[in-house]
Amino acid sequence: DQQVKQNSPSLSVQEGRISILNCDYTNSMFDYFLWYKKYPAEGPTFLISISSIKDKNEDGRFTVFLNKSAKHLSLHIVPSQPGDSAVYFCAATPRASYGKLTFGQGTILTVHP
Amino acid sequence: EAGVTQSPTHLIKTRGQQATLRCSPISGHTSVYWYQQALGLGLQFLLWYDEGEERNRGNFPPRFSGRQFPNYSSELNVNALELEDSALYLCASSFSGIMNTEAFFGQGTRLTVV
């Protein structure tokens, strides 16, 4: 049972344009969501997070949007840069300090110069 | 400051053998988490250790086990290896149970079962 789904295995974007990565979840107990970025041969690195009490969180070029009624979140990267090319994972947890994250399958983002 | 370190980087084992993977957390972190990333799948939660105790376990068979040592380093043991155990095994560490913005991952151990 895939509780966190990233339905787009890959996304290709031109440098300078917006990248939108999507994530859906089914478990209504999830109330804290995170995005991780992973380069080849490296572990995932934390990018940005959002609590269910918010619907938007910004950090520089990265913005995460949460639509609780639709059980959907998205990561916007503006403007996209070639260095953003990586695998992006969304993850969810019932509590910020639960000790376990449920991850999506990942989306491979490629930003072309 | 040293990050989370995992060893070995690559491991090749024969079906039926045992594999031992090691993880050293960031200094000051007491929690260690193990995740499996099989081909085409997201990270699947395996185990969470904190203060030497197993706190939570994912949906994996008992042949996946581990332990945490007094210095908070951790071992993941996989017994009776099967071909489908071939995957990237990632370790993360954090302050006690705070698996959110404060968790950091190692580079992983690539286990190949032949």
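Residues numbered from 1 in each chain as written. Chains lettered and ligands numbered in written order. Predicted model: local features only at pLDDT ≥ 70, side-chain atom pairs only at ≥ 80, totals over all residues. Heavy atoms only, no water.

**Brief notes about a nonpolar patch on the surface**
Moving on, step 1. A cluster of nonpolar side chains, contributed by Ile18, Ile20 and Val78 of chain A, occupies part of the molecular surface with about 230 Å² of accessible area.
Moving on, step 2. The topology assignment puts Ile20 of chain A in strand β3 (residues 19-25). (Patch = residues over 30% accessible without salt bridge, like charges linked within 9 Å, V, L, I, M, F, W, Y side chains within 5 Å. Areas by Shrake-Rupley, 256 points an atom, 1.4 Å probe, with all protein chains shown as cover. Salt bridge = Lys/Arg side-chain N within 4 Å of Asp/Glu carboxyl O. Helix = DSSP H or I, 4+ residues; strand = E, 2+ residues; numbered from the N terminus.)

**Comments concerning the packing of aromatic side chains**
Moving on, step 1. Using the criterion set out here, one finds 12 aromatic pairs over all chains in the structure.
Moving on, step 2. Taking the centre distance of 6.1 Å and the plane angle of 75° together, the rings of Tyr36 of chain A and Phe46 of chain A count as edge-to-face. On the criterion of sequence distance, the pair formed by Tyr36 of chain A in strand β4 (residues 32-38) and Phe46 of chain A in strand β5 (residues 45-51) is long-range, its members being 10 residues apart.
Moving on, step 3. The exposure class of Tyr36 of chain A is buried, given its relative accessible area of 0%.
Moving on, step 4. An aromatic cluster is built from Tyr36, Phe46, Phe89 and Phe103 of chain A together with Tyr35, Phe45 and Phe105 of chain B, whose rings are joined through pairwise contacts. (Phe/Tyr/Trp six-rings, centres within 6.5 Å; stacked < 30°, edge-to-face > 60°. Buried < 20%, exposed > 50% of the residue type's maximum accessible area, 1.4 Å probe, protein only.)

**Description of the state of the cysteines**
Moving on, step 1. Throughout the structure, instances matching the rule amount to two disulfides over all chains.
Moving on, step 2. In this model Cys23 of chain A forms its disulfide with Cys90 of chain A; the gap between the sulfur atoms is 1.9 Å. Taking the sign of the S-S torsion, 65° for the link of Cys23 of chain A and Cys90 of chain A, the bridge is right-handed. In this pair, Cys23 of chain A sits in strand β3 while Cys90 of chain A sits in strand β9 (residues 86-93), placing the two residues 67 residues apart along the sequence.
Moving on, step 3. The side chain of Cys23 of chain B participates in a disulfide bridge whose partner is Cys91 of chain B; the two sulfur atoms lie 1.8 Å from each other. Taking the sign of the torsion about the S-S bond as the criterion, the disulfide between Cys23 of chain B and Cys91 of chain B, at about -60°, is left-handed. With Cys23 of chain B in strand β3 (residues 19-24) and Cys91 of chain B in strand β9 (residues 87-94), the pair connects residues that are 68 residues apart, well separated along the chain.
Moving on, step 4. A relative accessible area of 1% means that Cys23 of chain B is categorised as buried. (Disulfide = S-S within 2.5 Å.)

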